[in-house]
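Spelled out, the chains give:
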Amino acid sequence: MGAGAGPGSRVAARERLVDVVLAVLVGALVGVTAAFDTDTTVVDYVLIGVASAVLALYRTAPRAVLAVATASGAAYVLHAHPGPPAALPVIAASHVAARVGHRAWAAVAGGVFLVAYLATGPTTRQIVEQAALLMGWFLCAVVTGLADRNWQAYLRQTEQRALEAERTREEVALRRAGEERLRIARELHDSLTHSISIVKLQAGVAVHLARKRGEEVPEALLAIQEASGEAMRELRATLEVLRTDEPTGTPAVLVERARAAGLAVELAVEGEEKPLAATVDRAVYRIVQEALTNAARHAGAAKVGVRLAYGEECVTVVVEDDGNADPSRPVTPGIGLRGMHERVTALGGTLTAAPRAEGGFRVRAELPLAVAA
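Only a predicted model underlies this, so the values are computations on that prediction, with no experimental measurement involved.

## Quick look at the UniProt feature "transmembrane region" (unreviewed entry) in the protein
Okay, so step 1: Annotation from UniProt places "transmembrane region" (unreviewed entry) at residues 17-36, 42-58, 102-119 and 131-147.
Okay, so step 2: What you have in residues 17-36 is 95% helix and 0% strand, and the ends, taken at the C-alpha atoms, are 29 Å apart.

See below:
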């Protein structure tokens, strides 16, 4: 096996090895038993080898294995008149056939072999007793095969129920998270919005009265008025995000909105555009939204480029500007950058957000497309 072999290849190799070992063990048991019979010929050993070796292929062709093992085993019995151990290859093949659902084929194979065994001599008490013993072995092989099949079906159903329960828990968690966002939004609206509105209103009235009296408006009062207005806008945006975590458009729509607000933005799409999972699509939208918001606030009169690159395994989102960010001054991540990092990390992607060497700021995120499965 090569170094690049995956877990599936290693499991398949182990299964093939187990099948070969099983065939060798069965053949060795029947062969050793036949060696004690002085009448055993080369033809008998060949028939034993064929009936045993074919068991190594039972995973891929159980009915063919059953047919070959039964024919070879019956031929060996008719030619050499051996004891009950000669039935081991046919019993093993019958068990496998019943395990995968071929009960009728297993019963027919057992009947054919028993008829051949009964035809090896006169109907004496010994022959009848040995035939009854073999019939019990075949019955056990078929029953254990059916039991194993039912057990595997039960395990699959249990796994399916576990997956369904996990999915239900995730849905409940998402619903509760949505309810908590709405509760927080209501609390923020009831508490902060009213207070900030009062501050903004009082500052606006004070500025108006000062200008009406012809007095110089204090810088602190203007700063309060501007800061309260900015706080109101940010609070409204925060409340909108809390009330719904679903994107309200596409990156192209965000770019158009930014242009309408006076930001010089260009959008480029590379590669063949592919449908994304809801979580990936939401992350792409929020990354572009937050990056454009930061560019509008901090980059000044800068040009901004938004690039979406669709690859074979991931989609890359790059938002960069040529603003006044300096690589010599480290950036302290705020809530927006931390939120972007959490989104990308939760999806198994990577995010870098830092000043560019040539000036300006770059946000680059790689999100795996495998999440869409």
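## Focus on a nonpolar patch on the surface
Okay, so step 1: Together, Val 42, Val 46, Val 50 and Val 68 make up a nonpolar patch on the protein surface, roughly 320 Å² of accessible area in all.
Okay, so step 2: Tallying contributions element by element places helix 2 (residues 42-53) first for the nonpolar patch, with 3 residues.
Okay, so step 3: Summarising the element assignment, Val 68 is placed in helix 3 (residues 62-80).
Okay, so step 4: Exposure remark for Val 68: the relative accessible area of 34% places this residue in the partly exposed category.

## Topic: the pattern of salt bridges
Okay, so step 1: The final tally for this structure, using the stated rule, is 9 salt bridges.
Okay, so step 2: Between Arg 213 and Glu 215 there is a salt bridge, with the nearest N and O atoms lying 3.1 Å from each other.
Okay, so step 3: With a relative accessible area of 43%, Glu 215 lands in the partly exposed category.
Okay, so step 4: The shortest N-O distance in the salt bridge between Arg 259 and Glu 266 comes to 3.7 Å.
Okay, so step 5: Given the relative accessible area of 33%, Arg 259 is considered partly exposed.
Okay, so step 6: With relative accessibility at 56%, the residue Glu 266 sits in the exposed group.
Okay, so step 7: Several salt bridges converge on common partners, so that one network encompasses Glu 320, Arg 356, Glu 358 and Arg 362.

## A short note on the sheet that holds strand 5 (residues 361-368)
Okay, so step 1: Across the sheet, which stays open at both edges, the 5 strands sit in the order 1-2-3-5-4 with mixed pairing between neighbours. Of all strands in the sheet, those with a lone pairing partner are strand 1 (264-270) and strand 4 (350-355), marking the two edges. Strand-to-strand twist of the sheet, defined as the mean angle between neighbouring strand axes without regard to direction, takes the value 10°.
Okay, so step 2: Taken strand by strand, helix 8 (residues 251-260) contacts strand 1 and strand 2 (303-310), and its axis lies near 165° from that of strand 1.

Calculation criteria
Residues numbered from 1 in each chain as written. Predicted model: local features only at pLDDT ≥ 70, side-chain atom pairs only at ≥ 80, totals over all residues. Heavy atoms only, no water. UniProt positions renumbered as here; feature names shortened; annotations may be inferred. Helix = DSSP H or I, 4+ residues; strand = E, 2+ residues; numbered from the N terminus. Patch = residues over 30% accessible without salt bridge, like charges linked within 9 Å, V, L, I, M, F, W, Y side chains within 5 Å. Areas by Shrake-Rupley, 256 points an atom, 1.4 Å probe, with all protein chains shown as cover. Salt bridge = Lys/Arg side-chain N within 4 Å of Asp/Glu carboxyl O. Buried < 20%, exposed > 50% of the residue type's maximum accessible area, 1.4 Å probe, protein only. Pairing = 2+ DSSP bridges. Axes fitted to C-alpha atoms, helices over the stretch in contact; angles between N-to-C directions. Contact = heavy atoms within 4.5 Å.

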